[in-house]
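# Structure assessment
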Amino acid sequence: MLDRSPEAMEALEGHLAILDDAESLETQLQAHAFSQQCLRDIEVTERLDRTEILTTEALEVVVTPAAGAISTWKTKKDIPIGAIANILLGTGAKAVSIWNPENRGVRVAGRVGKVLLHSQLSIITRNLIQGTP
């Protein structure tokens, strides 16, 4: 038979309170573990974002003078293939940069490649102001 005495009921309530405390503690531990994992994920993402920014900035510095060098290439018939290449590659990279893909490498390539277009437009503007072809 079931013991329904006040002592038994009090003991049962004590055990239930312990179970409630244990369940509460388990929930808190799970919440803490989840928050720690979220913080680690955020730190990794921030590190990758910083690396992406630094890589992009460094490569833009390298590509800018390269665009100037490429712009000087011409065929024997004076067709500016370097300028055309800068415009085409830079326009494609600009489209990729606007698209802003998830892949970090493609995103960096788009951001760096659009420097070709910007540099070529600067060269064309300079030449137009100076009156040189």
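Up top is the structure.
Residues numbered from 1 in each chain as written. Predicted model: local features only at pLDDT ≥ 70, side-chain atom pairs only at ≥ 80, totals over all residues. Heavy atoms only, no water.

On to the packing of helix H1 (residues 6–70) against helix H3 (residues 104–130). Running from amino to carboxyl end, H1 crosses H3 at an angle of 30°, the nearest separation of the two axes being 8 Å. Here H3 runs roughly parallel to H1, going by the angle between their axes. Viewed along their axes, H1 and H3 form a crossing whose handedness is right-handed. When grouped by side-chain class, the residues that make up the contact of H1 with H3 number 10 nonpolar, six polar and six charged. (Axes fitted to C-alpha atoms, helices over the stretch in contact; angles between N-to-C directions. Helix = DSSP H or I, 4+ residues; strand = E, 2+ residues; numbered from the N terminus. Parallel < 35°, antiparallel > 145°, perpendicular 65-115°, else oblique. Left-handed = near helix turned anticlockwise from the far one by under 90°. Nonpolar A, V, L, I, M, F, W, Y, C, P; charged D, E, K, R; others polar.)

Attention now goes to unusual backbone geometry. Residues other than glycine seldom take positive phi values, yet Asp-78 does so here, at roughly 65°. Here Asp-78 shows up in the loop between H1 and helix H2 (81–99). For Asp-78, a relative accessible area of 55% corresponds to the exposed category. Despite not being glycine, Asn-100 has its phi angle at roughly 55°, a positive value. Note that Asn-100 resides in the loop between H2 and H3. Note on Asn-100: relative accessible area 37%, which makes it partly exposed. (Buried < 20%, exposed > 50% of the residue type's maximum accessible area, 1.4 Å probe, protein only.)

A surface patch of nonpolar side chains, about 520 Å² in accessible area, is lined by Trp-73, Ile-79, Ile-81, Ile-84 and Leu-88. In this fold, Leu-88 is placed in helix H2. Using a relative accessible area of 61% as the deciding quantity, one classes Leu-88 as exposed. (Patch = residues over 30% accessible without salt bridge, like charges linked within 9 Å, V, L, I, M, F, W, Y side chains within 5 Å. Areas by Shrake-Rupley, 256 points an atom, 1.4 Å probe, with all protein chains shown as cover. Salt bridge = Lys/Arg side-chain N within 4 Å of Asp/Glu carboxyl O.)

So yeah, pure geometry; function would need other evidence.
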